[in-house]
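A look at the structure
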Amino acid sequence: MGNSYAGQLKSTRFEEVLHNSIEASLRSNTLVPRPIFSQLYLEAEQQLSSLEGGGRVDNEEEEEEGEGGLEPSSPPNAYQLPPPPEGCCTTDGFCQAGKDLRLVSISSEPIEVPAGFLLVGAKSPSLPDHLLVCAVDQRFLPDDNGHNALLGFSGNCVGCGKKGFCYFTEFSNHINLKLTTQPKKQKHLKYYLVRNAQGALTKGPLICWKGSEFRSRQNSNTCSGSLFPPLESSGSLAAFPSEPAPGTNPSVPVGAQQAGTASDHPSVTTVTSPAVFNGKGSPKHPQLAKSSLCALPRPSALGILPNSGPPKKRHKGWSKSTTDGGFPQGAGNRAAKHESTSMACVPQAGLVGPASVTFPVVASGEPVSVPDNLLKICKAKPVIFKGHGNFPYLCGNLNDVVISPLLYTCYQNSQSLSRAYEQHGASTMQPISEETQLLLTVYYLVQLAADQVPLMEDLEQIFLRSWRESHLTEIRQYQQVPPQPFPPATSTAAPVTSAQLPWLAGLAASSCNDSVHVIECAYSLAEGLSEMFRLLIEGKLSKTNYVVIICACRNAAIDSCIAVTGKYQARILSESLLSPAEYQREVHYELVTGKVDSLGAFFSSLCPEGDIDILLDKFHQENQGHVSSSFTASSTKKTAVLDTSGAPVCTSYHPEPRGIRPFQLAVAQKLLSHVCSIADSSTQNLDLGSFEKVDFLICIPPSEVTYQQTVFHVWHSGVLQELGLEKEPATKQRAEQHVLKLDMEAQARFKAFLQNSFQNPHTLFVLIHDHAHWDLVSSAVHNIYSQSDPSVGLVDRLLNCREVKEAPNIVTLHVTSFPYALQTQHTLISPYNEIHWPVSYSNGVDLYHESKKYFGLSEFIDSTLSGHSLPLLRYDSSFEAMVTALGKRFPRLHSAVIRTFVLVQHYAAAMMAVSGLPQMKNHTSVETLEITQNLLNSPKQCPCGHGLMVLLRVPCSPLAAVAYERLAHVRARLALEEHFEIILGHPSSGITVGKHFVKQLKMWQKIEDAEWRPQTYLELEGLPCILIFSGMDPHGESLPRSLRYCDLRLINSSCLVRTSLEQELGLAAYFVSNDVPLEKGAKNEALESDGDKLSSTDEDEEAGTEGCFEAGSTSEKRGPVKRERSHSHDSASSSLSSKASGSVLYGESLPQPSGPLQGELARSPPPCGPTEEVKALGEIQRLRASQGPTVISRHSPGPGPQPDSSLRTRQRSLQVPAAPSSQLSSSSSSSSSSTGSSSTCAVSTANVLLLQASQCSMAKACRQPPTVFLPKLVYDMLVSTDSSGLPKSASLLPSPSVMWTSSFRPLLSKMMTSTEQSLYYRQWTVPRPSHMDYGNRAEGRVDSFHPRRLLLSGPPQIGKTGAYLQFLSILSRMLIRLTEVDVYDEEEINTGLQEESDWHYLQLTDPWPDLELFQKMPFDYIIHDPKYEDASLICSHHQSIKSEDRGMSRKPEDLYVRRQTARMRLSKYAAYNTYHHCEQCHQYMGFHPHYQLYESTLHAFAFSYSMLGEEIQLHFIIPKSKEHHFVFSQPGGQLESMRLPLVTDKSHEHIKSPTFTPTTGRHEHGLFNLYHAMDGANHLHVLVVKEYEMAIYKKYWPNHIMLVLPSIFNSAGVGAAHFLIKELCYHNLELERNRQEELGVKPQDIWPFIVISDDSCVMWNAADVDCAGEHSREFSWSERNVSLKHIMQHIEASPNITHYALIGMRKWASKTRGCEVREPFSRCHVHDFIILNVDLTQNVQYNQNRFTCDDVDFNLRVHSAGLLLCRFNRFSVMKKQIAVGGHRSFHITSKVSDSSVAIVPSQYICAPDSKHTFLAAPAQLLLEKFLQYHSHRFFPLSLRNHGHPVLSVDCYLNLGPQISVCYVSSRPHSLNTSCSDMTFSGLLLYLCDSFVGANFLKKFHFLKGATLCVICQDRNSLRQTVVRLELEDEWQFRLRDEFQTANAKEDRPLFFLTGRHI
């Protein structure tokens, strides 16, 4: 094509072989001919080399890659290789020095590239799979236009490093290219090499050698192995020697992330455009397949690509007017501008590339002239799709053609093999050949019906299937053939050759009645195009919809294009190339310039009675002064119920009660759990614990109605009060502050929101982005458009700004019904943060019981299946027919204009027909007449005048205004102003309603406010009206329940994108009452035809969806036979009122329109069973006597279930053949009959269309969804299913702002849940450059999800607003709950039993106890701590026990459950568990920069203890940050002691006493974070843990010191921990005294106190007492929360503190009485939080065996040792209720593993040597539990006998609340209760030591029959004790009175002996 003889082969041998091959293939059964090239050149070497041309520059390109890129030339010149030097390497892929040069081998190695040199890839004919890496001086390489390369060569070898090769011949020898032709750099240096993001060297773009663009094409297109897959054409980078074509916009490559328009990304333009100009694909070489498998490199490789900037000049072949009007090159530069606004509406959605891209032209030869009067003659602009190969220039009347790259892009995409198919594995994988592509395209076009439009998605799927099938065969062939050294290049040759192609295409087209015409050209497409234009002008293509032009010259490459000439198809396709903005502009232009006037004139000429306006005026004059005669029936004639004011009341309609539905609550809880999981994750992206309250802002699109609607929701939901943002009652103004309309004023308010969030770090702000699929334009695009439209990209600028992304207290929630554009490869939202609306049915089970059933898209589609009542989705065939006819008559008008004018005309005619001009019925369609009839009649059926709403959707605002004016004019002339309202709804404006109707609405809604006006569509409920709803997209406006008809006949049907379609249909989504009796049978079966998956309503579980709304038989299960769709979706069926059918099919006996119902009943299965149906039919029969003749409605031809024969005969008798002339069109079954005949129907108004039932239309509305009218194109899209069983609409491109990554993608599956669907889109779609997420992956983070971003998706109008407002409420409640704890709130017990003593501490104002006074106070033995309510009373001689019975004890199980708690807000001085993270205590918790997390050391610490008789070895785990608290022998050496302060230290920032907290089972919930409690003061805190729990505690508390108990204590109780703490601390005190004595410190000056604290102490309080006088009885007091530091420093500062052995404080209770705090100090028991003097208590030990009451036991020992216990009554501790761990972690179970029987306390002991089941529990625990519940078995006399307690020696054991004990110590000099006057009912000797002797026991007196219990470690010591204590003198023993705990011998059971006092 560069030369006149290009492509003409002179070789007769080739011609002969070609003809033979064609003949063989035509005779053969298979389509695989014997490969031509194999016949010609049989040697593999010759196949792999190419036929070289005669040295012309423009032929010097990669012939060796083709399958014989044959040139018009002489046979190839033989080229002799010079012999290689001796001994050098000659291996392919290695240089002569033996170094590997193959790209695959050295891609990751560092290569030194001298300045000015570039790395390039050379192709070797002997290694077709490999590129060899070379370094070449860039001066000898061309620029991106193919120019400026210096002649000659300069290069280096990157293998051996040899430099200075000056000749390419020399260099090619060195790198062993082994050429058979003259070495030329243009032929062998092919690709630039670039480094990808991982730093590996990969193949980059082609080197652009001059002249290559004129080469004829090779056979096939790209492999997707390169950076820009479509680039890898077989030619070099193609650019014109002169200049590129105007406004070129590259086709966007698969997988490339730099798609965009020329204006958008200049750097990309040059990279991609040349390949597109060239239009050539890559060869079909099997060896190339490997390159298709390599990963796509990242866009960072772009940096080194040549960049020439955008194209600069217009080509001379184009007219100057191309960019002003018409559609040059498929929407030219105009479209290119709009792509970047992400508004480009992609009609054939499945394109990888912008819809409106400029067509890449490569011209050859003379330009083709477009005839001047083309549009006038053809009545449509032909749309020419560029296919394969070169495309000629067009000149002349370019306004009358549209040129589109969509098909070219589709072919390109189908050439790039997706990585998804790598698993097929065979190295011979090839793309589908161009010939096959074109042939498949022809087949596809042939089978399209006359009313169908080609869809690129369909074509892509056809290519994919074809490719898969061919490759399955190939793989099998490949596996069977034995491997050859050179596999024949044609072993996988395409089945169709270019020579066969025209013949086969013609053959395919011959069967289609000339709808597809094939033109074959000899030389170029230009002649074919000229021929087509000639045929069009001559009118010879009037029946042809598609012209396929093929130029298959004999040069093995094809050029092709396809022209769409069918008027219907061409119009839709050309209009679909307009962006929404262009569409609006076009329509506006046509309205402004008056082009539409011709349309009006035409309508006038149609009306035989004259112009409609004349008729209207005439009617107006005749009827002036009185209302239209057909409306004289007034509602007052009915028996109306009157309310108190005398106004009629509607009884059948009740307003909907507000409230949260179960679904909404479930979704709110799912949202909450997702937020919690973000907070719980280890990433610390959300610290819920640091927030005190919730605030929110809802961002919505700029629609006034949506704004008011959202404000109303917020105002009435109570969320403001719930969140504490407003006092009761909230005002509307306050609600408005939380809703932001994204318009011009939004930025200032959003800035204030950000400021607010910054100033309130402890408030969690939830930023809700509602209707989140709207305006996803990138803010980068805004910079381009900021002058023209400042609101472009607003969402991105506000919601994606850095402040929002980084603010730790802002959570963003995107809410949408159509989340697809937010589910791309670059999305910011993690798939784990998506919340999908749950399904209502799972496996037939109703998951959420709701009174209403949602009716969405899938239910509407299901209603079109046969077996249903009247379909709710319909189209209007007569309307479509009229539009088509007018489209041919007015080709220059946009179809939206025509459709709008026709529909408005239909509505006007219908209004006139209903108002008394019956002749106008012929000028409207049955559907429109039905709508109008019901609209005007509905108010008459309700005493109040409730009516129905008709939604008329007119997306284009100028057309909506025209429609409004016209309908309002007609209404006025017909005097119907007070019958129904017409409302023009536009997003930017509010609602205007006439005064009369406002008055009605106020009366219905009982509104008193004189100024009230409806502001949302929901407030129009019950108003009879036509709502003309404009705006290109709905913005989330909700419609009232009175919506009866949703007229979507005017939606932009050419804009076929899933989001656009679904959001239009979402307007009709509806809730239907669930309580309506559908049938007697099963209420709702979940059908298989589950379209809800399509609407993404399902949850992640595999769940069936809601049963379809079947007014027919819902019990009928979907069988294996696929249900037929009802065939009467057009005028025939729609003559029946859907309302009427609804009421009959519910089995109500109401008057009904008769005719069409019979057809419906015959077609549907019986709705209620035979009797109800007969009743319904009988009702109809009665009616018809008075109604006259009816219209016949045909039966459906489908095999739907029929009623039984008796019914059928009855139906036949009912069908009276009246009005046979009424030709009801039944065109849905055969599209050819779809004429406008239905517009001439003579339908009897009185009979068929009137709704006679006197029932309020609102009552019916609650039970049946609206009826939706659609354009035929959209209807077909919805009701036809693809192979996956989903509606075809589901496989469309999901959103105009995204594109598919590949044509090679699977279809969406019907069984996919919403989650799976999301993952599908995340895998297969990428955002366009104009999308706000486009640059997300470029940030370089692999994990590019934003951590605080959530996405809530659910079907439209299902209640998402209510769900997220509920979420805000429960989130707020949870945050408050997080800042609250349940603390024990119990009054002190046994307060009435206190000793009446003369000694009280009367110095009420003393801050510290006076030692002298205090020593005189008696000790109060009685336990007052409420946790010991079930413990035995301790008696002393002081008290007089008044109560003989302390009440029944609680069951053991109830002990925890029934304890009283109070919920308290945490103060700033609280102790926290592991869930608390705040900035202040990060360092405390171990997140300190100086100390690495978990960096701690293990130290052993041993000391001997005489009582145990062995050395105890404890282990300390000491974090590096805490080592300063300890003394080591040397740094990192042996632990010597824990540092102790001096008594005299007075530091205010230091707590002197080390705190020890024993804990088990509470690693998460224990309150060990004392940072805030200590108010930041320096303190030493040690956790005391069991050995087996060490690791888990260390994990959760890495910066805490751990004291690990020896393993022998793993099963021990708290007594062991207390014992070891105390012993360790005394030992440490001794060590510190010795250490500091050497420093000159006196031993008594070392601080002797430690704190032993429970792990549940949460807050501390101080009581402030105000005493009026020293001894006054009147005093007041108040309690405040204080820090533990305050309390500790106060106590530690007490004078004479070292004289006290134990110091404690009160337990907090809300009902604390004044008398309890009146005395500041008490001498009594202390619990929970004690300060222990280890020095004074040296000889008093905790009992290491104890599990319970060990503190009471210890208190009694300390007191009896003569030591002081002091309780500070003015301080109190709050204990948190923690449901896990602690003493509850001990479970008593049987040792027999299979025993599931519960063990009761009575089984805890048994007789020795019995066969009792042994228990797996410590013996001591069994003993304590048994005595607590069953001690009355041992001490029967003691039961409720408080005057005669049990004498307990040296220990306190809990014998249950009904037995009292008296404690005595056997130690000499101990303080004991005076027992001389007491008689005891029992004696308890527990492990008594040598201090207990026979004489000691003889001091006490016992009742006759008193019992004794001796407990010892073994039977031997039991006998010894009896003998030693001479017990047999006074006590009688029997053999059977010996027991043991139910332990096995190895568990060392305890033994007891009981006896009676003699």
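The following refers to the structure shown. (Residues numbered from 1 in each chain as written. Predicted model: local features only at pLDDT ≥ 70, side-chain atom pairs only at ≥ 80, totals over all residues. Heavy atoms only, no water.)

**Considerations on the overall build of the chain**
If you tally the helices and strands in the chain, you get 54 helices and 57 strands. The burial tally for the chain puts 62% of its 1958 residues in the buried class. Long-range contacts, defined as pairs at least 24 residues apart, comprise 77% of the intrachain contacts of the chain with a sequence gap of at least 6. With an accessible surface of roughly 74,500 Å², the chain has 53% of that area assigned to carbon and sulfur atoms. (Helix = DSSP H or I, 4+ residues; strand = E, 2+ residues; numbered from the N terminus. Buried < 20%, exposed > 50% of the residue type's maximum accessible area, 1.4 Å probe, protein only. Contact = heavy atoms within 4.5 Å. Areas by Shrake-Rupley, 256 points an atom, 1.4 Å probe, with all protein chains shown as cover.)

**Some words on the sheet that holds strand β18 (residues 810-816)**
The sheet built from six strands is open, its strands ordered β16-β15-β17-β18-β32-β19 with parallel pairing. Looking along the sheet, the strands with just one partner apiece sit at the ends: β16 (739-741) and β19 (834-836). For this sheet the average axis-to-axis angle between neighbouring strands, irrespective of direction, equals 20°. Sheet topology places strand β17 (residues 763-770) next to β18; six bridges connect them, and they run parallel. Its bridge partner being in β18, His769 is matched across the sheet by His814. Packing against the sheet, helix α43 (residues 1360-1378) makes contact with β15 (693-700), β17, β18 and β32 (1349-1353), and its axis sits at approximately 170° to β17. (Pairing = 2+ DSSP bridges. Axes fitted to C-alpha atoms, helices over the stretch in contact; angles between N-to-C directions.)

**What about unusual backbone geometry?**
Although it is not a glycine, Asn513 sits at a positive phi angle of roughly 60°. Relative to the assigned elements, Asn513 resides in the loop between α13 (501-509) and β10 (516-521).

**Some points on helix α54 (residues 1915-1924)**
Turn by turn, an α-helix covers 3.6 residues, leaving residues three or four places apart pointing in a common direction. Considered for burial, the residues of α54 that qualify are Ser1917, Leu1918, Thr1921 and Val1922. Burial along α54 is one-sided: seen end-on, the buried residues are contained in an arc of 140°. Against β55 (1901-1912), β56 (1931-1941) and β57 (1951-1957) lie the buried residues of α54. Glu1926 lies just past α54 and shows a positive phi near 50°. (Arc of directions from axis to C-beta.)

**A short note on the packing of helix α16 (residues 580-592) against helix α29 (residues 895-914)**
Running from N to C, α16 and α29 point in directions that differ by 60°, and their axes come no closer than 9 Å. One finds that α16 runs oblique with respect to α29. Listed contacts from α29 to Tyr583, Val587, Glu590 and Leu591 of α16 are Ala896, Val897 and Phe901. Across the contact of α16 with α29, the residue classes tally to six nonpolar, no polar and one charged. (Parallel < 35°, antiparallel > 145°, perpendicular 65-115°, else oblique. Nonpolar A, V, L, I, M, F, W, Y, C, P; charged D, E, K, R; others polar.)

**Structural notes on the packing of α29 against helix α30 (residues 926-937)**
At a closest axis distance of 9 Å, the pairing of α29 and α30 adopts a crossing angle of 50°. Relative to α30, the element α29 lies oblique. Crossing handedness for the pair α29 and α30: right-handed. Packed against α29, whose contacting residues are Leu903, His906, Tyr907, Ala910, Met911, Ala913 and Val914, the element α30 presents Thr928, Leu929, Ile931, Thr932, Gln933 and Leu936 at the interface. Within the contact of α29 with α30, the residues separate by chemical class into nine nonpolar, four polar and no charged. (Left-handed = near helix turned anticlockwise from the far one by under 90°.)

**Structural notes on the packing of aromatic side chains**
Throughout the structure, instances matching the rule amount to 40 aromatic pairs. A centroid spacing of 5.3 Å and a plane angle of 75° characterise the contact between Phe153 and Phe168, whose relative ring orientation is edge-to-face. Taken as a pair, Phe153 in the loop between β2 (127-137) and β3 (155-157) and Phe168 in helix α5 (residues 168-174) lie far apart in primary sequence, 15 residues in all. Residues Phe153 and Phe168 agree in their burial class; the two are buried. An aromatic cluster of three or more residues is present, and its members are Phe1880, Phe1896, Phe1900, Phe1902 and Trp1931. The residue whose ring lies beneath Lys203 is Tyr191, and the NZ or CZ to ring-centre distance is 4.6 Å. The ring of Phe1029 has Arg953 lying over it, and the distance from NZ or CZ to the ring centre is 5.2 Å. (Phe/Tyr/Trp six-rings, centres within 6.5 Å; stacked < 30°, edge-to-face > 60°. Lys NZ or Arg CZ within 6 Å of the ring centre and 35° of its normal.)

In short, geometric facts, not functional conclusions.
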